[in-house]
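# Notes for the structure review
Below are the chains, spelled out letter by letter.
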Amino acid sequence: MLKLGVPSKGRLMDKTFDWFGARGITLRKSGSDREYAGAVEGVDGIELVLLSAGEVPRELAAGRIHLGVTGSDLVREKLSLWDSQVQEVAPMGFGGADLIIAVPQSWVDVDTLDDLDAAAAAFRAVHGHRLRIATKYHRLVREFLKAQGVADYQLVDSQGATEGTVKNETAEAIADITSTGETLRANGLKILGDGLIHASQATLFRGRRAGWTKEQRATLKALEAMLDV
Amino acid sequence: MTQDAAAIAAETARLRQTFEGEGAAVVDADILLSADTLLDLYGEDIRARAYLTTDPFGGEMVLRPDFTVPVVEAHMRNHADPARYTYAGKVFRKQEDHPERAHEYAQVGFEVFDGHDPAGADAAVFAAIAKALDGLPVTPVTGDIGILMAAVQGLQTSDTRKAALMRHLWRPRKFRALLDRFGGRTEVPPSRVALLEQADPLAVVDQVVGKRSRDEIAARITALRADAATPPISDDEVALIDAILGLRETAPNVLSALRDIAVDLPAIAGAVQALSARLDALAARGVAVDALAFEGSYGRTSLEYYDGFVFGFAGDAPDIPPVATGGRYDALTARLGDGRAVPAVGGVIRPDLVLALRGDV
């Protein structure tokens, strides 16, 4: 059996079911709506595993599922050297959201990462602590800012309502997912011109972990033929 | 204890005895350190390179990624001068980009705090490490961050620009981008042009959101206006910096090249004189200075904030890290000593790599 991990609820699950359905593969939850078991029709040898999108990267890397649907941002955030652990099979064209860096609109002097870096140096000198950026995407943000040469910042963890942290003065800037930018504007924030860290979308991934059986490889081939990827 | 661990322990003891023979006192350091100091020094990047954890009362803690910080802190409490220390123990490094590399390994170190004779101290550390590695297939490489720092300080430009370059000295790509911008080689971003065209860009701002105040924003706009009025760093000066960074020769040839560069960039004369004195001190200790390699960019991407002499001993085997590294870190002692700086230089040897090079493991 080839285990396919799919988000267990919400829009992401519905869209995933639609995406496979349009390609002749029916995915559905079995039993009651509260039960996290599923069924696959239209291709043999695949078992559906319903789980949280945030757990898909880890389960793929560990080899407990063979294929999985999750956001490309989550794979990059949760796995070191992600493309050595999983492989993109197909971008799915939904669940699009941008991970961006945003600062207060009142910072009229800050529009680029260079500006942010200079502002961070001055901020630290004035306030005695590094400029705080609230986010839940620690790895992605850190690697991005390192590559772009931004220093004197500090990441503070924010698992929700991140846009509000600046007004509450628990952070000076944020790095968060946005699809329209409306919440940002409502909270007096603006996106840096070169502040796009990653354009995320729902993606079907394959785990690279060794030990696939001949049957599992054959099943993947059959599936890929049906998905036309 | 496995055979390997026993062999490493024996080699560790041998190396530490070598340094004790150089007059070093043995110091110890905690394995679990407060993360605050390291985060202050290295910023968030330390999280990619060291293991951080939290203590329910002590806040963020870190498994020591090296001994330098705790040894400097211990020295600042005792402040003997001059002082020599040696230590041995494991360090712990995350290897996010190189999972095949060791995550914990032993280091044996030798540190000299001596403000009276910096060239002599540099030579003492280098020679002690060379002696401890005697007979192994290793090649030393040296460099000097102090020369680059002096060159930046000597540029004909504003103090603000010099400070920006100094701040990014250890980030080669960003340093290059800044040099290109200050040299007028890259376009000014359109957002900057638009900002400076306005008489009062802050006039449209009713309310400032967050902790960064209106005064701070106004101060930066003033600084940006001043920067826009500053003439570009000349091509000649940028070429001199490039020449220093591109040096890759034997130490005596580098010294000669630097003396030529100093004619056009007199600000580096002191640093070049220091290099000359160091080479004399190394020669006096029997180091084969004529064949010693020198690289102008060496030591700019290491974890340490070296700011003078830097060196490494590469093993003559592919894909293994340097068996020994070290350098001078005067500025670090100033930051850890509340402004009380003590000139300091030191280096570490990895006993596991010594054994690998000797063919024992």
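In this report, we go over the structure that sits alongside the text. Bear in mind the structure is a predicted one, so any value in this text is a computation, not a measurement. Every chain is numbered independently, its residues counted from 1 as its sequence is written. Chains and ligands are labelled sequentially in the order written, the chains with letters from A and the ligands with numbers from 1. Local features in a predicted model are, by the rule used here, given only for residues with pLDDT of at least 70; side-chain atom pairs are given and counted only at 80 or more, and totals for whole chains, interfaces and linings are based on all residues. Values shown for side chains rest on all heavy atoms present in the structure; no hydrogens or waters enter the calculation.

Our next topic: the pattern of salt bridges. Residue and element names in this part refer to chain B. By definition, a salt bridge exists where a carboxyl oxygen of Asp or Glu is found within 4 Å of a side-chain nitrogen of Lys or Arg. By the definition in use, this model includes 36 salt bridges over all chains. For glutamate 60, the salt bridge goes to arginine 47, with nearest N and O atoms at 2.8 Å. Placement of the pair is glutamate 60 in strand 4 (residues 59–63) and arginine 47 in helix 3 (residues 46–49), with a sequence separation of 13 residues. Relative accessibility decides the category of a residue: with a 1.4 Å probe and only protein chains considered, values under 20% of the type maximum give buried, values over 50% give exposed, and everything between is partly exposed. Given a relative accessible area of 18%, arginine 47 falls into the buried group. Among the salt bridges present, the one from aspartate 242 reaches arginine 176, with a minimum N-O distance of 2.4 Å. Of the two residues, aspartate 242 is situated in helix 11 (residues 235–245) and arginine 176 in helix 8 (residues 172–182); the sequence distance between them amounts to 66 residues. Its relative accessible area of 29% is what places aspartate 242 among the partly exposed residues. Here a strand is any run of E in DSSP of at least two residues, a helix any run of H or I of at least four, and the numbering for each starts at the N terminus.

Residue and element names in this part refer to chain B. Following the sequence through the fold, leucine 155 ends up in the loop between helix 6 (145–153) and helix 7 (159–167). You can call leucine 155 buried: its relative accessible area is 3%. Remark: the alpha-carbon pair of leucine 155 and isoleucine 233, spanning 78 residues in sequence, is separated by 7.5 Å.

Moving on to the sheet that holds strand 6 (residues 86–91) of chain A. Residues and elements named next belong to chain A. Taken in spatial order, the five strands of this open sheet run 4-1-5-12-6, and their pairing is mixed. Looking at the sheet topology across the chains shown, the edges are occupied by strand 4 (46–51) and strand 6. For this sheet, the mean angle separating the axes of adjacent strands, direction not counted, is 30 degrees. Residues count as neighbours in contact if any of their non-hydrogen atoms are within 4.5 Å of one another. Only the stretch in contact is used when fitting a helix axis, every axis being a line fitted to C-alpha atoms; angles between N-to-C directions are given from 0 to 180 degrees. Contacts between helix 1 (residues 10–21) and the sheet are confined to strand 1 (2–7), strand 4, strand 5 (67–71), strand 6 and strand 12 (202–207), with strand 1 contributing the most and set at about 135 degrees to the helix. Between any two strands, at least two bridges found by DSSP are needed for them to pair.

On to the nonpolar core, then. Residue and element names in this part refer to chain B. The term nonpolar core refers to a set of buried residues drawn from Ala, Val, Leu, Ile, Met, Phe, Trp, Tyr and Cys, joined through side-chain atoms within 4.5 Å. By size, the foremost hydrophobic cluster in this structure holds 100 residues, and its most contacted members are Leu133, Leu258 and Ile268. At nine residues, the largest contribution of residues to this core is made by helix 5 (residues 118–132). Look past the residues within four positions of isoleucine 268 in its chain and what remains in contact with it is Ile147, Ala150, Ala151, Ile244, Leu258, Ile261 and Ala262.

The next subject is the interface of chain A and chain B. The interface is formed by 39 residues belonging to chain A together with 35 residues belonging to chain B. Together chain A and chain B conceal approximately 3100 Å² of surface at their shared face, both sides included; 48% is due to carbon and sulfur atoms. At the boundary of chain A with chain B, the tally comes to 13 salt bridges. A salt bridge links Asp114(A) to Lys174(B), with the nearest nitrogen and oxygen atoms 2.5 Å apart. Whenever two N or O atoms come within 3.5 Å, that pair is a polar contact, provided that in protein one can donate a hydrogen and the other can accept it, and provided that, for residues adjacent in sequence, both atoms are side-chain atoms. At the junction of chain A and chain B, the tally comes to 17 residue pairs in polar contact (both at pLDDT 80 or more). Broken down by secondary-structure element, the contributors of at least two residues to the side of chain A that touches chain B are helix 5 (113–127), helix 6 (138–147) and strand 9 (153–157) of chain A. The dominant element in the side of chain A that touches chain B, judged by the number of residues it contributes, is helix 5 of chain A, at ten residues. Each residue belonging to the side of chain A that touches chain B can be placed in one class, and the counts come to 15 nonpolar, eight polar and 16 charged. Defined here as a combined quantity, buried area equals the accessible surface (1.4 Å probe) lost by two parts on assembly, summed across both. When residue character is reported, Ala, Val, Leu, Ile, Met, Phe, Trp, Tyr, Cys and Pro are called nonpolar, Asp, Glu, Lys and Arg charged, and the others, Gly included, polar.

Residues and elements named next belong to chain B. For strand 11 (residues 324–328), a buried count of four out of five residues is recorded, marking the element as mostly surrounded by other parts of the structure. Strand direction decides the pairing type here: strand 10 (residues 309–315) and strand 11, joined by four bridges, are antiparallel. Bridge assignment links glycine 312 to a residue of strand 11, and that residue is threonine 325. Sheet analysis places strand 11 next to strand 12 (residues 344–349), joined by five bridges and oriented antiparallel. The residue of strand 12 that forms the bridge with threonine 325 is valine 348.

Residue and element names in this part refer to chain B. Taken as a whole, helix 11 has its buried residues at Glu237, Val238, Leu240, Ile241, Ile244 and Leu245. Seen end-on, helix 11 carries its buried residues on one side only, within an arc spanning 155 degrees. For helix 11, the secondary structure elements touched by its buried residues are helix 6, helix 8 and helix 12 (251–264). Our arc is simply the arc of the directions from the helix axis toward the C-beta atoms.

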